[in-house]
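Inside the fold
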Amino acid sequence: MILLDGKATALQIKTEIKESVEQLKTEGKRVPNLIAVLVGENTASLSYVKSKVKACNMVGFDSSLIHLDADTTEAVLLDLIKQLNTDSTVDGYIVQLPLPKHIDANKILLAVAPEKDVDGFHPVNMGKLTLNLETIIPATPYGIITLIKAYGIETKGKRVVVLGRSNIVGRPTSILLSLNKPYGNATVTLAHSKTKNLDKLLLEADIIIAAIGKPHFVTAAMVKEGVVIIDVGINRVEDASRKRGYRLVGDVAFDTVAPKASYITPVPGGVGPMTIAMLLKNTLLAYKG
Ligand code: NDP
């Protein structure tokens, strides 16, 4: 079993980005600038955006957090987006999800300028991805294919089950892996809560991408020998032995599945760090235009 070390791979990517930034500085050019927008006080969201801004600063980008009150109106947020779209010093921005219920997330998404949409969620970017055109790829799926590439895992002709069909993880990942690309050409099944005979599908899979948000959902009995496991899930489970009272686990029962796997990502330290690294890469690509 080989551990897919997302932390180390992400560090390598971040080091390369940092070198590009140094080069820009040497040439007297401005550095890439990413803005994170957060509405409300969701603790998990606040910690995500803070780690994104911190990662930007570590590679030498300009980055700041615009933190708006929970009762910010949709109109005010749309106004801010208009400003960000036209501000030539901003290369990319993210509007952290989930948004408060009184704000229509789709309206916000559609207002983002596609060339500044470093999350890759805008329909223009998602459409290009589907058509196998060059575009901004959502950070988590981008992280998954980058990790697969980094470890030279063959996807051509393989049977892949992507568990979970969200717009930000499962669906774009399933599209990417089915494209006619070096990391694609797989035969992909996109499974969800209405999927029948999931156990059978999983047992036949050469590669499983688990993104459902259910702790330890995939067990050893569900996978075949030699399977490749990419565990996207980040779930909190109570753990009295930890100071904070919980620990993070994936959607896969790592301890029992790992001995059967040829490759497997740990949680934490797998897809999570890759997501941040690819967000930085997307920002650099948006800067370059
Ligand atoms: P969503 O909640 O948006 O989607 C979950 C998906 O899982 C849905 O498609 C749902 O099906 C499916 N599902 C739920 N239960 C089952 C089941 N019993 N069997 C089969 N399918 C099921 O999740 P996200 O994609 O946003 O996130 C998934 C996980 O990945 C979470 O733990 C999240 O924290 C983590 N995550 C990690 C990231 C990282 O950087 N590592 C980044 C983003 C997310 P249906 O559509 O039918 O409801």
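Here the structure is a predicted model, which is why all the values come from computation and not from measurement. (Residues numbered from 1 in each chain as written. Predicted model: local features only at pLDDT ≥ 70, side-chain atom pairs only at ≥ 80, totals over all residues. Heavy atoms only, no water.)

1. A few points about the overall build of the protein
- Secondary structure assignment for the protein yields 10 helices and 11 strands.
- Relative to its length of 289 residues, the protein is compact, with a C-alpha radius of gyration of 19 Å against a globular reference of 19 Å.
- Dimensions along the principal axes, computed over C-alpha positions, put the protein at roughly 50 × 40 × 40 Å.
- Burial status across the protein gives 50% buried among its 289 residues.
- When contacts within the protein are restricted to residue pairs at least 6 apart in sequence, those whose partners lie at least 24 apart make up 69%.
- Placing the 34 positive and 28 negative side-chain charges of the protein at their respective mean positions leaves the two points 4 Å apart. (Helix = DSSP H or I, 4+ residues; strand = E, 2+ residues; numbered from the N terminus. Rg over C-alpha atoms; globule rule 2.2 N^0.38 Å. Buried < 20%, exposed > 50% of the residue type's maximum accessible area, 1.4 Å probe, protein only. Contact = heavy atoms within 4.5 Å. Lys, Arg positive; Asp, Glu negative; His and termini not counted. Charge placed at Lys NZ, Arg CZ, Asp CG, Glu CD.)

2. Topic: the sheet that holds strand β1 (residues 2–3)
- What the 6 strands build is an open sheet, ordered β1-β11-β8-β7-β5-β6; its pairing is parallel. Each end of this open sheet is capped by a strand with a single partner; those strands are β1 and β6 (187–191). (Pairing = 2+ DSSP bridges.)

3. Concerning the environment of methionine 222
- Examined against the element boundaries, methionine 222 turns out to sit in the loop between β7 (207–210) and β8 (227–231).
- As for methionine 222 and aspartate 199, which are separated by 23 residues in sequence, their C-alpha atoms are 5.7 Å apart.
- If near-sequence neighbours (up to four positions away) are discounted, methionine 222 is found in contact with Asp199, Leu202, Leu203 and Phe217.

4. Describing the sheet that holds strand β4 (residues 92–95)
- Ordered by their spatial adjacency, 3 strands build an open sheet running β3-β2-β4, and the pairing between neighbours is parallel. Of all the strands in the sheet, the pair left with one neighbour each is β3 (62–68) and β4. Strand-to-strand, the axes of this sheet are offset by a mean angle of 15°, without reference to chain direction.
- Two elements, strand β2 (residues 33–39) and β4, share 4 bridges in a ladder whose sense is parallel. (Axes fitted to C-alpha atoms, helices over the stretch in contact; angles between N-to-C directions.)

5. Focus on the site of the ligand
- In the vicinity of the ligand there are 22 residues, among which Arg165, Ser166, Ser193, Lys214 and Thr275 approach most closely.
- The contact in question runs from an oxygen atom of the ligand to an N or O atom on the side chain of arginine 165, over 2.7 Å.
- At 2.8 Å from an oxygen atom of the ligand is found a side-chain nitrogen or oxygen belonging to threonine 275.
- Element by element, the count of residues in the shell around the ligand is highest for helix α10 (residues 271–288), at 3 residues.
- Within the shell around the ligand, the residues separate by chemical class into 9 nonpolar, 10 polar and 3 charged. (Near = heavy atom within 4 Å. Polar contact = N/O pair within 3.5 Å; in protein donor to acceptor, adjacent residues only side chain to side chain. Nonpolar A, V, L, I, M, F, W, Y, C, P; charged D, E, K, R; others polar.)

6. Points about unusual backbone geometry
- Along the chain, leucine 97 connects to proline 98 via a cis peptide bond; the corresponding omega equals 0°.
- Structurally, proline 98 is set in the loop between β4 and α4 (105–111).
- Residue valine 267 is joined to proline 268 through a cis peptide bond whose omega torsion reads -5°.
- One non-glycine residue, asparagine 185, lies in positive phi territory at about 60°.
- Despite not being glycine, asparagine 197 has its phi angle at roughly 55°, a positive value.
- With respect to the helices, strands and loops of the structure, asparagine 197 is situated in the loop between β6 and α8 (198–204).

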